[in-house]
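Residues per chain, in single letters:
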Amino acid sequence: MFRTALRNVLAHKARLLMTVLAVTLGVAFVSGTLVFTDTLGKALSGQSAKSYDGVAVSVTSYGQTRDDDGNKQGEPGISRQTLDKVAKVNGVDTVSGRVTGFAGVGDEDGRLIGSGWANKGSNYAPAKDGKDPRYHFTEGTGPAGADEIALDKESASTGRYKVGDKVRVATNGPVKEYSLTGVFTTEDGAVNAGGSLVLFDTAVAQQLYLKPGFFDELSVSAKAGASADRLLADIEPLLDGKSTKAQTGKALAAEQAASIEREMSGMSTMLLAFAGISLFVGVFLIYNTFTMLVTQRTRELALLRAVGANRGQVVRSVLAEALVVGVLSAAIGLLGGIGLAVGMRSLMDSLGARIPAGDLVIAPGTIIAALVIGVLVTTLAALVPAWRTGRIAPVAAMGSAHLPASAKSLVLRNVLGCIIGALGVGLVLLGVKSGGESGRTLIGGGAFSLLIGLIVLLPLLCGPFISAVRPALQKLFGVPGKLAAQNAVRNPRRTAVTAASLAIGLTLVTALSVLGVTMGKAVDRMSTDKLKADYKVSMSGDIGYLDKSVAETLAKAPGIKAVSPQVAGYFRMGEEFRSVSGVTPGTIGDLLNIEVLGGSLDALGKGEVAVAEKTAKEQKLSVGSTLQVQFDDGQKGTLKVGALYKDMEGLLSPYVVDEKVLNAHSDEPSIREVYVNTTGGESKAAEKAVVDALGNNPAMTVATQQDMRNEMGGLINMALNIMYGLLGMALIISVLGVVNTLAMSVFERTQEIGMLRAIGLDRGRVKNMIRLEAVVISLFGAVLGVAIGVFLAWSLGTTFAKSVPDYQLVLPWDRIGVFLLLAAVVGVLAAMWPARSAARLNMLTAIKTE
């Protein structure tokens with residue numbers, strides 16, 4: 001029977017081509033994800049390990065801690081005295097102190113080099129030999145003076161800087177010009193992630209990032225023969241255990257490797273989820289293929305039964321065919337996945353990600369996963385068609401080429417589909433009522449149940465849909481339109497399975513699109529309705545905080561009418577910490593459109609607090625109420641509620657005070673952004689005035705209202721495009737399903753098509769009939785997918801509504817129209833080969849076909 005199965009695969013290889021391709025694509029997605037993440041993880045771990053070469057012990061400071069009353073304890077870092085004590089420990093060769101923070105370098109046009117979050121500054125710490133082991137200089141030497149820096153090779157090349165050039169470097173304050181003394185290479189992860197690294201003299205770095213005489217980290221190298229574990233045991237008693245942590249270099253490298261593995265696991269899980277969607281969609285194609293193959297080979301299978309094969313042997317022969325197809329698809333998919341991983345790596349390199357060099361990792365688990373998935377998906381999808389072959393009696397099968405589903409089986413299927421679908425709708429509505437994270441979990445479970453119920457009910461639903469469009473088809477296209485509608489409902493199960501794959505893909509695409517557009521419009525309304533400022537100044541990439549001198553400088557600049565920083569802070573109320581914004585009382589009303597519900601914002605200037613509406617209701621506060629708070633420095637105070645305002649999530653914290661109130665209790669204010677109004681309003685000249693006032697700082701962004709809208713809209717569109725790309729594989733497999741169904745349907749109806757040709761249906765109308773059938777099936781799946789996608793988007797949106805200001809569901813009719821149009825185009829394209837094959841049939845030969 002296995003030889004029979006193998007011969008059947010070879011005999012029907014053309015009909016199985018789409019199945020092989022669908023499984024191959026799914027397996028390639030899975031194996032490509034595993035190979036890529038394994039390769040990237042190993043490369044990053046290797047790079048991390050290299051950065052700790054020669055480090056026997058590493059000591060890290062967490063800075064000052066706070067006691068139960070909020071008072072600061074300990075030192076801001078590791079003191080020079082501690083470094084000297086560590087250096088005297090027996091077995092220690094050298095000790096290097098490190099300080100790190102943000103530093104940005106501009107290119108020739110003043111644009112920031114790197115990605116913002118990965119732009120770092122640190123200190124050059126030469127050892128006894130005058131060299132810093134972390135950096136290899138290709139040109140010049142390390143910085144030795146207050147006005148000197150060294151720059152990593154990639155950044156120097158991008159900015160076209162050479163040793164001796166003047167380089168403008170920005171931290172979180174004013175830009176300063178330094179002389180470039182050297183260019184180096186490094187294994188620093190931030191640089192390899194597309195960032196930049198600026199090295200300062202140690203004293204300069206301490207002044208910029210911490211405090212003179214203190215370090216963030218110590219790197220200890222050991223003398224020959226000294227044990228790292230022994231050094232660790234001797235060093236730990238010298239440290240402040242509350243604010244520092246000591247580890248061996250080996251342990252730290254292992255910790256970094258574990259962190260990288262967790263990050264890669266998250267990426268892998270996301271990609272594998274989309275690969276799973278593609279494989280799930282592929283199941284419908286495989287099921288349809290084997291169902292149609294079994295139907296077309298009914299007489300052949302009956303003959304096997306007649307000459308002695310029992311039911312089990314016939315079933316196993318069909319499963320053996322699926323096994324052969326699965327093994328072949330898995331092998332091709334694995335090779336394709338390896339190629340996909342290589343392509344993804346090259347793509348990231350071209351985008352400037354600078355992935356570390358390393359060998360391609362093809363783990364045994366990846367090979368096993370590819371084979372298991374390919375075989376399992378194909379075999380499971382073929383299980384029901386194989387089981388049906390065993391139910392066909394030899395005599396009945398030899399007398400009939402097609403046995404329709406019984407009425408009883410269809411009734412049971414419809415009842416089961418209604419129950420599963422109703423359960424899904426119920427869970428979704430329960431999730432809407434619950435809201436929040438728990439609500440989204442319920443909606444996710446309900447969505448899965450709803451899709452399964454839909455798939456089961458599709459044979460029932462396709463009849464009414466096609467009946468509704470049949471008059472239009474017949475009126476517009478005549479006989480081909482009428483025949484196309486009749487063919488589409490001739491086998492409801494086949495039509496349903498073909499449409500199901502498109503419905504699933506478009507459900508996800510539509511839901512993501514509706515949510516994305518809705519969130520984008522909400523952000524746009526927030527920018528338009530709530531923001532009155534001409535410009536917002538922030539650190540590039542929103543990494544880090546602005547220096548307090550930024551607001552002071554802008555307030556004194558010509559052409560500036562109003563300035564207010566937004567200082568991020570907190571105070572403690574009882575056992576809970578509350579987020580608070582510090583602003584300039586006299587100008588904040590000119591910069592933000594704050595809807596005051598009670599009291600006045602002028603109260604902020606008197607040291608009082610404004611409270612958001614939702615928070616006031618939760619805390620039962622009103623104008624005149626008092627709050628007992630504890631500030632950042634541990635001091636306690638009483639704040640009077642001077643105003644209530646409508647919530648402005650994303651722009652202001654639930655509590656707002658005068659910036660001076662927060663600054664009085666903090667060494668360094670955490671300024672997220674500074675809002676600015678100019679005398680002449682928004683214009684290129686006004687924007688240039690703001691940029692010039694900031695010293696043309698490459699690390700700072702000056703954004704107009706439109707820039708802010710574009711930024712949020714760009715992030716949402718980028719996320720949507722990534723999702724579209726990841727779902728693209730599932731949609732491609734859906735198209736293959738339509739092609740496969742039509743091609744096998746044409747083969748099955750060879751005699752019928754010959755008869756139609758014989759009674760006068762010409763080649764052109766035969767092609768139109770096949771094309772219209774494909775379009776009807778595609779639109780059926782698309783309409784259902786769009787409808788369910790909108791329903792799920794609405795339900796998920798309700799769980800976010802409370803946290804998104806002015807949330808209103810927006811239906812992107814233009815995108816929905818594009819989706820339906822693309823579905824119709826997919827139908828036309830999918831029908832090209834089957835339609836051409838049908839039109840080229842010789843009518844006499846077709847009529848004689850059994």
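Further up the page is the structure itself.
Model, not experiment: these values are computed from the prediction.

So, on to the packing of aromatic side chains. For the structure on display, the rule yields 10 aromatic pairs. Ring centres 5.6 Å apart and planes at 55° place the aromatic pair Phe137 and Phe184 in the tilted group. Note that Phe137 is positioned in strand 9 (residues 136-140) and Phe184 in strand 12 (residues 176-185), a separation of 47 residues in sequence. Phe184 shares its class with Phe137; the two are buried. Between the aromatic rings of Phe200 and Tyr209, the centroid separation amounts to 6.3 Å while the plane-to-plane angle is 70°, which identifies the pairing as edge-to-face.

Turning our eyes to something else, we now look at the pattern of salt bridges. Under the criterion given, the structure shown has 12 salt bridges. The salt bridge partner of Lys688 is Asp692, with a shortest N-O separation of 2.8 Å. Linking Lys688 with Asp692, this pair stays in helix 21 (residues 684-693), spanning four residues, or about one helical turn. A residue is classified by how much of its surface remains accessible, and Lys688, at 52% relative accessible area, is exposed. You can call Asp692 partly exposed: its relative accessible area is 44%. Each of Glu613, Lys617 and Lys646 takes part in salt bridges that share partners, so that together they form one network.

This next bit is on the sheet that holds strand 5 (residues 92-98). Paired through backbone hydrogen bonds, the strands of a sheet run either parallel or antiparallel to each other. Here we have four strands laid out as an open sheet, ordered 5-15-1-16, and antiparallel in their pairing. Two strands close off the open sheet at either side, each with one partner strand: strand 5 and strand 16 (244-248). Pairwise comparison of adjacent strand axes, ignoring direction, gives a mean angle of 15° for this sheet. Along the sheet face, helix 3 (residues 80-87) touches strand 5 and strand 15 (217-222) and points at about 160° away from the line of strand 5.

Counting residues in hydrophobic clusters, the biggest one holds 67 residues, and the most contacted among them are Leu454 and Leu458. At 10 residues, the largest contribution of residues to this core is made by helix 8 (residues 249-296). Sequence-distant contacts of Leu458, defined by excluding residues within four places in its chain, comprise Ala496, Ala500, Phe780 and Leu784. Counting residues in hydrophobic clusters, the runner-up holds 39 residues, among them Met539, Leu639, Val674 and Val676.

The next point concerns the packing of helix 14 (residues 436-477) against helix 15 (residues 479-490). Packing of helix 14 against helix 15 brings their axes to within 7 Å, and their N-to-C directions diverge by 165°. Here helix 14 lies roughly antiparallel to helix 15, going by the angle between them. Crossing angle aside, the handedness with which helix 14 passes helix 15 is right-handed. Contact residues: Cys462, Gly463, Ile466, Arg470, Leu473, Gln474 and Phe477 in helix 14; Val479, Pro480, Gly481, Lys482, Ala485, Ala488 and Val489 in helix 15. For the contact of helix 14 with helix 15, the residue count by class is nine nonpolar, three polar and two charged.

So, about unusual backbone geometry. Positive phi, close to 55°, is recorded for Lys620, a residue that is not glycine. Note that Lys620 resides in the loop between helix 19 (613-619) and strand 22 (626-630). Under the relative-accessibility criterion, Lys620 is labelled exposed at 74%. In this structure, Asn696 is a non-glycine residue whose phi angle is positive, near 50°. Assignment of secondary structure puts Asn696 in the loop between helix 21 and strand 26 (700-704).

All right, on to the environment of Leu272 then. Tracing the chain through its elements places Leu272 in helix 8. Those residues within four positions of Leu272 in sequence are excluded, and the remaining contacts are Val30, Thr33 and Leu34.

In this section: helix 17 (residues 548-556). A turn of α-helix holds 3.6 residues, and therefore any two residues three or four places apart point the same way. Buried within helix 17 we find Ser549, Val550, Ala551 and Leu554. The secondary structure elements touched by the buried residues of helix 17 are strand 17 (535-539), strand 18 (560-573), strand 25 (670-678), helix 21 and strand 26.

A few words now on the pairing of strand 23 (residues 636-645). Burial analysis of strand 23 places seven of its 10 residues in the buried class, which makes it a mostly covered element. As defined by bridge partners, strand 20 (residues 596-599) adjoins strand 23 across three bridges and the pair is classed as antiparallel. Along strand 23, the bridge assignment pairs Gly599 with Ala643. Pairing analysis gives five bridges linking strand 22 to strand 23, with the strands arranged antiparallel. Note that in strand 23 the partner of Gln630 across the bridge is Lys636. Counting the residues that bridge the hairpin from strand 22 to strand 23 gives five residues, and of these Gly634 lies at a positive phi of roughly 95°.

Mapped onto the elements, Glu673 comes out in strand 25. At 2.5 Å, the side chain of Glu673 and the side chain of Gln566 are in polar contact. Leave out the neighbours within four places in its chain, and Glu673 touches Lys536, Val537, Ser538, Leu546, Ser564, Pro565 and Gln566.

The rules behind each value
- Residues numbered from 1 in each chain as written.
- Predicted model: local features only at pLDDT ≥ 70, side-chain atom pairs only at ≥ 80, totals over all residues.
- Heavy atoms only, no water.
- Phe/Tyr/Trp six-rings, centres within 6.5 Å; stacked < 30°, edge-to-face > 60°.
- Helix = DSSP H or I, 4+ residues; strand = E, 2+ residues; numbered from the N terminus.
- Buried < 20%, exposed > 50% of the residue type's maximum accessible area, 1.4 Å probe, protein only.
- Salt bridge = Lys/Arg side-chain N within 4 Å of Asp/Glu carboxyl O.
- Pairing = 2+ DSSP bridges.
- Axes fitted to C-alpha atoms, helices over the stretch in contact; angles between N-to-C directions.
- Contact = heavy atoms within 4.5 Å.
- Core = buried A, V, L, I, M, F, W, Y, C linked by side-chain atoms within 4.5 Å.
- Parallel < 35°, antiparallel > 145°, perpendicular 65-115°, else oblique.
- Left-handed = near helix turned anticlockwise from the far one by under 90°.
- Nonpolar A, V, L, I, M, F, W, Y, C, P; charged D, E, K, R; others polar.
- Polar contact = N/O pair within 3.5 Å; in protein donor to acceptor, adjacent residues only side chain to side chain.

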